[in-house]
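Next come the chains, spelled out residue by residue.
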Amino acid sequence: MSIDYNQKIPNNVDLAGDRALQRALEHWQPEFVKWWGDMGPAGTRDTDVYLRTAVSAEPKGWAHYDYVKMHDYRWGIFLAPAETDRLIGFGAHKGEPAWQEVPGEYRSNLRRLIVTQGDTEPASVEQQRHLGLTCPSLYDLRNLFQVNVEEGRHLWAMVYLLHAHFGRDGREEAEALLERRSGDADNPRILGAFNEPTPDWLSFFMFTYFTDRDGKFQLYSLAESGFDPLARTTRFMLTEEAHHMFIGQSGLARIITRTCDAMVACGTDDPARLRAEGVIDLPTIQRYLNFHFSVTMDLFGADVSSNAATFYSTGLKGRFNEARIEDDHLLNGATYPVLEIRDGRLVTVDAPALNALNERLRDDFIKDAVAGITRWNRIVEKTGTSMRLKAPHKAFNRRIGPLAAAHIDPEGNIVDATQWQRQAIDWLPSPGDRAFVASLMGRVVEPGRFANWIAPPPRGIDNHPLDFTYVRFN
Ligand SMILES: [Fe+2]
Ligand SMILES: [Fe+2]
């Protein structure tokens, strides 16, 4: 199961045993490298970064650290070890052996799931492309680059599936993944949140906390797939995804710590005075949180969706922790509560559980995301302020599904257009907020130094001290 790095494309899928596939991927590789050069982290050609690279897909093998030149990073294809005699766990094919090849009748739906997941990976690299130029420390810069190379590898993971199992149209989709561009008016990325800019580090940490967590829940659902290569690929991706969410969780905890320290030192929670101290006031952090939470809510798709029902009942995409759920794994006749707008109010109604699978996954996500917010509030509580950070209502600021038809405030009340216009400035980052946060962003690259608006982390990477040279500029 160890990974051969002497090959052009490191892999644990015996690529050398399938010459046609190997050639096809070696043909795509230079296109990928060109895309990385054009759209990957800016100004990193000669930069050595202390990165984690997978050397095997076994539990201990994927955390090997060393300096790597960003441009020479070896993106590989790694599947989690096969489970012998794995059976499909849900839907019409429940109890049948998992598929090693794509069933003809599910081909286009499976391809669509893989392409939609695959498209998010290069999108986030594009969104984060310029952040290295304003890093708050070498430690953070290294973490950004770690996320970037792994998102690049996640693209490889999806492209491998397209090349290995979908023939010519798979190869065309793999090319299109390098052609779409985050935020491009003519050829945007597929999902909304992946076309939003990530202009500053507060946005980056919010993105890795909330939007990478959407990735976690999508990957968990795909890891249940009856199509075994997809299940094995996504299971391995989850090991990397956990680190991305850690970066978001800890990054935000450090920003909040720094702000709270300033609140105590200055004896105030007045945003203007705290801004004058060069830290980010909690109401601004809350507005960023509201924004990233709500755009991530939309990533789960429509509340009631016949596609979600089809993906589940045909065994392509399961639920989060499917095997741990105690029911028939078919969902025939079962219901699940969803929100609807009736007579100007939000009401909960029962929908067929099969059609409400997006909503169920969204609820699973919310439980997970709220846990971290509770941890941040422990930092806030210690200052004695009554302020708390809070997840907005899941219907707030939606762009997708029936809830997008109304203006809904962070508490879940429907408000009219005038009220929305007037109060949006309290709920979402204003141009002034964004300009203030942008004004704090400066490049800190002296080992052991941290920007004023963020506290140092409690410990370094791979047991190294905080003043370790995590990134070397040549
Ligand atoms: Fe990813
Ligand atoms: Fe990620």
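Residues numbered from 1 in each chain as written. Chains lettered and ligands numbered in written order. Predicted model: local features only at pLDDT ≥ 70, side-chain atom pairs only at ≥ 80, totals over all residues. Heavy atoms only, no water.

Draft legend 1. Broad picture of the overall build of the protein. When helices and strands are counted, the protein shows twelve helices and seven strands. If one aligns the C-alpha atoms of the protein with their principal axes, the spans along those axes are about 65 × 65 × 40 Å. Long-range pairs, those at least 24 residues apart, make up 72% of the contacts in the protein with a sequence separation of at least 6. Surface accessibility of the protein: about 19400 Å² in total, with carbon and sulfur atoms responsible for 49%. (Helix = DSSP H or I, 4+ residues; strand = E, 2+ residues; numbered from the N terminus. Contact = heavy atoms within 4.5 Å. Areas by Shrake-Rupley, 256 points an atom, 1.4 Å probe, with all protein chains shown as cover.)

Draft legend 2. Quick look at the coordination of the iron ion (ligand 2). Each protein donor to the iron ion (ligand 2) is listed here as Glu151 (OE), Asp212 (OD), Glu241 (OE) and His244 (ND1); together their distances run 2.0 to 2.2 Å. Taken together, the four donor atoms coordinating the iron ion (ligand 2) span angles of 86 to 171° at the metal, a pattern that classifies the geometry as irregular. When the donor residues of the iron ion (ligand 2) are listed from N- to C-terminus, their spacing reads E-x60-D-x28-E-x2-H. For the pair the iron ion (ligand 2) and the iron ion (ligand 1), the metal-to-metal distance amounts to 3.5 Å, and glutamate 151 bridges them. Of this pair, glutamate 151 sits in helix 3 (residues 138-165) while histidine 244 sits in helix 6 (residues 228-266), and the two are 93 residues apart along the sequence. With respect to class, glutamate 151 is no different from histidine 244; both count as buried. (Donors = N, O, S within 2.8 Å, 3.2 Å for Na, K, Ca; no water. Tetrahedral: all angles 85-135°; square planar, octahedral: opposite > 155°, others 65-115°. Buried < 20%, exposed > 50% of the residue type's maximum accessible area, 1.4 Å probe, protein only.)

Draft legend 3. Broad picture of the sheet that holds strand 1 (residues 48-53). Pairing in this open sheet of three strands is antiparallel, and the strands run 2-1-7 from one edge to the other. The open sheet has two edge strands with one neighbour each: strand 2 (64-69) and strand 7 (471-472). Here strand 1 pairs with strand 2 via six bridges, running antiparallel. Looking at the pairing, tyrosine 50 lines up with tyrosine 67 of strand 2. Taken strand by strand, helix 3 contacts strand 1, strand 2 and strand 7, and its axis lies near 50° from that of strand 1. (Pairing = 2+ DSSP bridges. Axes fitted to C-alpha atoms, helices over the stretch in contact; angles between N-to-C directions.)

Draft legend 4. Spotlight on the coordination of the iron ion (ligand 1). Binding of the iron ion (ligand 1) to the protein goes through Glu121 (OE), Glu151 (OE) and His154 (ND1), at separations of 2.0 to 2.2 Å. Donor residues for the iron ion (ligand 1), ordered by position in the chain, follow E-x29-E-x2-H.

Draft legend 5. Looking closely at the environment of leucine 389. Tracing the backbone through its elements, the reader meets leucine 389 in the loop between helix 10 (357-381) and strand 5 (407-408). Exposure remark for leucine 389: the relative accessible area of 6% places this residue in the buried category. Not counting residues up to four positions away in its chain, the partners in contact with leucine 389 are Ile256, Leu282, Ile285, Gln286, Leu289, Ile373, Trp376 and Asn377.

Draft legend 6. Structural view of the layout of surface pockets. Each pocket or cavity is described by its volume, and for the largest pocket that value is around 760 Å³. Taken together, 41 residues line the largest pocket, and the ones lying closest to its centre are Thr116, Gln218, Leu299, Phe300 and Lys317. Elements supplying a minimum of two residues to the lining of the largest pocket: helix 2 (107-127), helix 5 (201-222), helix 8 (282-299), helix 9 (306-313) and helix 10. Considering every element that reaches the lining of the largest pocket, the biggest residue donor is helix 5, with nine residues. Of the residues that constitute the lining of the largest pocket, the class distribution is 17 nonpolar, 13 polar and eleven charged. (1 Å grid on protein atoms, 1.4 Å probe; cavity = no way out; pocket = protein on both sides within 12 Å on 5 of 7 lines; lining within 4 Å. Points joined across faces, edges and corners; volume = space filled by probe spheres on them. Nonpolar A, V, L, I, M, F, W, Y, C, P; charged D, E, K, R; others polar.)

Draft legend 7. Up close: helix 1 (residues 19-39). An ideal rise of 1.5 Å per residue puts 30 Å on 21 residues; helix 1 measures up with 30 Å between its terminal C-alpha atoms. Tucked into the core, helix 1 has its buried residues touching helix 2, helix 3 and helix 4 (167-179). (Expected span 1.5 Å × (residues − 1).)

Draft legend 8. Fine view of the pattern of salt bridges. What the rule picks out here adds up to 34 salt bridges. Glutamate 172 serves as the salt-bridge partner of arginine 168, at 3.6 Å between the closest nitrogen and oxygen. Pair noted here: arginine 168 and glutamate 172 are both in helix 4, with a separation of four residues, about one helical turn. The residue aspartate 281 makes a salt bridge to arginine 275 at a minimum N-O spacing of 2.9 Å. On the basis of relative accessibility, which here comes to 1%, the residue aspartate 281 falls in the buried class. Here the salt bridges share partners, and the residues they tie into one network are Asp298, Asp303, Glu359, Arg362, Asp363, Lys394 and Arg398. (Salt bridge = Lys/Arg side-chain N within 4 Å of Asp/Glu carboxyl O.)

Draft legend 9. Up close: helix 6. In this model, helix 6 (39 residues) spans 57 Å end to end at C-alpha, consistent with the 57 Å of a helix rising 1.5 Å per residue. At threonine 239, helix 6 shows its maximal kink, close to 30°. With 29 of 39 residues buried, helix 6 is to be regarded as a mostly interior element. Where helix 6 ends, the next residue or the one after it, glycine 267, has phi of about 60°, a positive value. (Bend = angle between axes of the 7 residues up to and from the residue.)

Draft legend 10. Quick look at the packing of helix 2 against helix 4. For the pair helix 2 and helix 4, the least separation of the axes is 10 Å and the interaxial angle reads 20°. By the angle class used here, helix 2 and helix 4 are roughly parallel. The two elements helix 2 and helix 4 cross, and the hand of that crossing is right-handed. Note on element contacts: helix 4 touches helix 2 through Gly167, Asp169, Glu173 and Leu177, opposite Arg107, Arg111, Val115, Gly118, Asp119 and Pro122. The class makeup of the residues in the contact of helix 2 with helix 4 is three nonpolar, two polar and five charged. (Parallel < 35°, antiparallel > 145°, perpendicular 65-115°, else oblique. Left-handed = near helix turned anticlockwise from the far one by under 90°.)

These figures capture arrangement, not role.
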